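Structural overview
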Amino acid sequence: KLDAIVRIMRENMSGIRVVKALTKEESEKKRFAQANADMMDSDIRAATLMAVPGPFMQLCLNAGLTAVVYFGAVRVNQGLLKPGVILAFLTYFNMIAMGIMGLTRIFMTMSKATASADRIDAVLQTPAGQEVLPQEEDGSVDGEAPFVSFEHVSFSYGAASDDAEGFRGEQREKALSDISFTLKRGESLGIIGPTGCGKTTIILLMLRFYDPDEGVIRVDGRDIRTYDPSELRKKFGAAFQNDIIFQDTLLENIVFGRETDERRVRDAVEHAQAAEFIDSLPEGLSYEASIRGGNLSGGQKQRILVARALAADPEILILDDSSSALDYRTDARMRKAILAGHPEAALVLIAQRVSSVMHMTRVLVLEDGKCIGYGTHEELLENCPPYLETFRVQMGDMN
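What you see is a predicted model, and the numbers here were worked out from it, not measured in a lab. (Residues numbered from 1 in each chain as written. Predicted model: local features only at pLDDT ≥ 70, side-chain atom pairs only at ≥ 80, totals over all residues. Heavy atoms only, no water.)

Description of the pattern of salt bridges
Opposite charge on two side chains permits pairing when their charged atoms draw close. The criterion, for reference: Whenever a carboxyl oxygen of Asp or Glu lies within 4 Å of a side-chain nitrogen of Lys or Arg, that contact is scored as a salt bridge. The way it works is that DSSP assigns letters per residue, a run of H or I at least four long becomes a helix, a run of E at least two long becomes a strand, and they are numbered from the N terminus. Accessible area is worked out with a 1.4 Å probe on protein chains only. A residue is then buried under 20% of its type maximum, exposed over 50%, and partly exposed in between.
Evaluated as defined, the whole model comprises 18 salt bridges. Residues Lys 29 and Glu 26 are paired through a salt bridge, measuring 3.6 Å at the closest nitrogen-oxygen approach. Of the two residues, Lys 29 and Glu 26 both sit in helix α3 (residues 25-51), three residues apart, roughly one turn of that helix. With a relative accessible area of 53%, Lys 29 lands in the exposed category. When the shortest N-O distance is used, the salt bridge between Glu 214 and Lys 174 registers 3.4 Å. Residue Glu 214 is found in strand β4 (residues 214-219), and its partner Lys 174 is found in the loop between β1 (148-155) and β2 (176-183); the two are separated by 40 residues along the sequence.

As for the nonpolar core
As a reminder of what qualifies: In this description, a nonpolar core means a group of buried Ala, Val, Leu, Ile, Met, Phe, Trp, Tyr and Cys residues linked to one another through side-chain atoms lying within 4.5 Å. Any two residues whose heavy atoms approach within 4.5 Å are treated as being in contact.
Core analysis: the biggest nonpolar cluster contains 44 residues, and Leu 250 and Tyr 387 have the highest contact counts within it. No other element matches the seven residues that helix α11 (residues 298-311) contributes to this core. Beyond its immediate chain neighbours, meaning those up to four positions away, Leu 250 contacts Ile 278, Leu 281, Gly 284, Leu 285, Tyr 287, Ala 289, Leu 296 and Ile 304. Formed by 31 residues, the second largest nonpolar core is a distinct cluster that contains Phe 147, Leu 183, Leu 205 and Ile 217.

Brief notes about the confidence of the model for the chain
Note the cut-off: Looking at any residue, its pLDDT shows the predictor's confidence there, from 0 to 100.
The predicted model of the chain has a mean per-residue pLDDT of 85, with 93% of residues at 70 or higher. Confidence drops under pLDDT 50 across residues 160-170; counting only partners more than four residues distant or on other chains, this segment forms 15 contacts.

Concerning the packing of α3 against helix α4 (residues 53-77)
Where we set the bar: To obtain each axis, a line is fitted to C-alpha atoms, and for helices this fit is confined to the stretch in contact; angles are then taken between N-to-C directions over 0 to 180 degrees. Just so you know how the angles are binned, under 35 degrees is roughly parallel, over 145 roughly antiparallel, 65 to 115 roughly perpendicular, and the rest oblique. When residues are sorted by character, Ala, Val, Leu, Ile, Met, Phe, Trp, Tyr, Cys and Pro go into the nonpolar class, Asp, Glu, Lys and Arg into the charged class, and all the rest, Gly among them, into the polar class.
Contact geometry for α3 and α4: axes closest at 5 Å, N-to-C directions at 20 degrees. In terms of orientation, α3 and α4 fall into the roughly parallel class. Contacts from Leu 49, Met 50 and Ala 51 in α3 reach Pro 53, Gly 54 and Pro 55 in α4. Split into classes, the residues belonging to the contact of α3 with α4 amount to five nonpolar, one polar and no charged.

Overview of a nonpolar patch on the surface
Quick note on the threshold: The patches described consist of residues with a relative accessible area above 30% and no salt bridge, like charges being joined within 9 Å and nonpolar side chains (Val, Leu, Ile, Met, Phe, Trp, Tyr) within 5 Å. Accessible areas in this description were obtained via Shrake-Rupley with a 1.4 Å probe; residue shielding takes into account the shown protein chains only.
Taken together, the side chains of Leu 103, Ile 106, Phe 107 and Met 110 make up a nonpolar region of the molecular surface, amounting to roughly 410 Å² of accessible area. Along the chain, Leu 103 falls in helix α5 (residues 83-124).

With respect to empty space enclosed by the protein
The criterion, for reference: Every definition here rests on a 1 Å grid over the protein atoms only: cavities are sets of points where a 1.4 Å probe fits but cannot get out, pockets are open sets enclosed by protein on both sides within 12 Å along at least five of seven lines, and lining residues have some atom within 4 Å of a point. Grid points are joined across faces, edges and corners, and a volume is the space filled by probe spheres set on the points.
Summed over the entire model, instances satisfying the criterion amount to one cavity of 30 Å³ or more. In this structure, the largest cavity occupies an estimated 40 Å³ of space. A per-element tally of the lining of the largest cavity places helix α12 (residues 328-341) first, with three residues. Across the lining of the largest cavity, the residue classes break down as five nonpolar, two polar and three charged.

Side note on the side chain of Asp 321
Short version of the rule: Asp and Glu are treated as the negative residues and Lys and Arg as the positive ones, with His and the ends of the chain left uncounted.
The topology assignment puts Asp 321 in the loop between β7 (316-320) and α12. It turns out Asp 321 is buried and unbridged, and the closest side chain with the opposite charge, Lys 199, is 6.7 Å from it. Apart from residues lying up to four places away in sequence, Asp 321 is in contact with Gln 241, Gln 302, Ile 350, Ala 351 and Gln 352.

Some thoughts on the packing of aromatic side chains
Note the threshold: Side-chain rings of Phe, Tyr and Trp, where Trp is taken by its six-membered ring, are said to pair if the distance between their centres is within 6.5 Å; with planes under 30 degrees apart they count as stacked, over 60 as edge-to-face, and otherwise as tilted. The criterion for a charge sitting over a ring is simple: Lys NZ or Arg CZ within 6 Å of the ring centre, and within 35 degrees of the ring normal.
In total, this model carries seven aromatic pairs according to the counting rule given. With centroids separated by 6.2 Å and ring planes inclined at 35 degrees, the aromatic side chains of Phe 89 and Phe 93 adopt a geometry described as tilted. Highlighted residues: Phe 89 and Phe 93, both in helix α5, separated by four residues, approximately one helical turn. In this structure Phe 93 comes out as buried when scored by relative accessible area, which is 18%. Judged by centre distance (5.3 Å) and plane angle (90 degrees), the ring pair of Tyr 157 and Tyr 210 falls under edge-to-face. Note that Tyr 157 is positioned in the loop between β1 and β2 and Tyr 210 in the loop between α6 (199-206) and β4, a separation of 53 residues in sequence. Given the relative accessible area of 35%, Tyr 210 is considered partly exposed. Three or more aromatic residues link up through ring pairs in this structure, and these residues are Phe 155, Tyr 157 and Tyr 210. The aromatic ring of Phe 147 is capped on one face by Arg 185, whose charged end is 3.9 Å from the ring centroid.

So, α6
For α6, the buried fraction is high: seven of the eight residues fall into the buried class. Among the residues of α6, Lys 199, Thr 201, Ile 202, Ile 203, Leu 204, Leu 205 and Met 206 are the ones counted as buried. Downstream of α6 by one or two residues, Arg 208 has phi in the positive range, about 60 degrees.

A closer look at the state of the cysteines
This is how the line gets drawn: The rule for a disulfide is simple: a pair of cysteine sulfur atoms within 2.5 Å.
Within the structure shown, the criterion is met by zero disulfides. Among the cysteines around Cys 371, which has no disulfide bond, Cys 384 carries the closest sulfur, lying 8.2 Å off.

What about the environment of Ser 156?
Looking at where Ser 156 falls in the secondary structure, it is placed in the loop between β1 and β2. Each C-alpha atom of the pair Ser 156 and Asp 213 lies 7.1 Å from the other, and the pair is 57 residues apart in sequence.

Structure below.
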């Protein structure tokens, strides 16, 4: 119940602008009040159950003590017992009573500890990471061979479970189904499709946040399961649409604790089209960003995130809808600068705009987790009707 209250508080604090913009303050107050009332009821029930054993034991023990004194006095008056026996018995009785009272407190403490221990154990039993498979032969590739490849990859969120109350991965619709593509060094891949079609899932699999249910993903000729996760992810630079800006200087947000030099940082800022607005700030790169970048606009935050991805000069650059807040001209300039400034990097760009992917080496069109088109922009205009329709809606009929 406390978790529910904390979750509601966290959601309301992080989404306070949405709540105010939609005038949902009263609704959220009622939701919090209901969660608070639920917790209060549970707390009262738990406190009642925990409070009953102590007084009940005291009642029983004191009643027993009274009975011993009364019947002992009667037997002493009758000459059947000596007073010393009664006093010794009362001493032993008090010692036993204190021990029993201590046991009841232990039982109550154990009931609390058991609930907490179960939750702690669930965290401790969570695997630290995916298993690293033994590497086969050295699979490093030259410039002519694919640097990144997906080979008939399928994936669904959630592992299969026999628990009737848990969700079952085998019964869930696949997030990706039989996806294949290749990407050489210096090439670019655009991924486009409607919301929920699996675009970001491809990136998560590539970074090995999950393992595919079927198929193989290779980077530099090796199955990514043979990489140590830290070794694999050093090859990537990633900028996500809803990534985090930390409360720190713009420089620290871009460098992010990695080993890089001033020239790389400046190049990253230039290529991300962030130099103009950063240079206009009095402190420049020393400008202090507030929590979650609250003092930056959406476009400024996205350019800082792209600069962060570029600063380490990655072998594989991932831009996951990271230009949605930019105007078309700035978006085009940024893509052109990135391709020119990082000619050896393999670029994976996820976008909703055809204009953002049409100049990529190849474009992958997704729908419901399936590949419905793969090729150059010109090839897709000829043989992929959904892509052609999207192109005409967004760009107009340019024939």
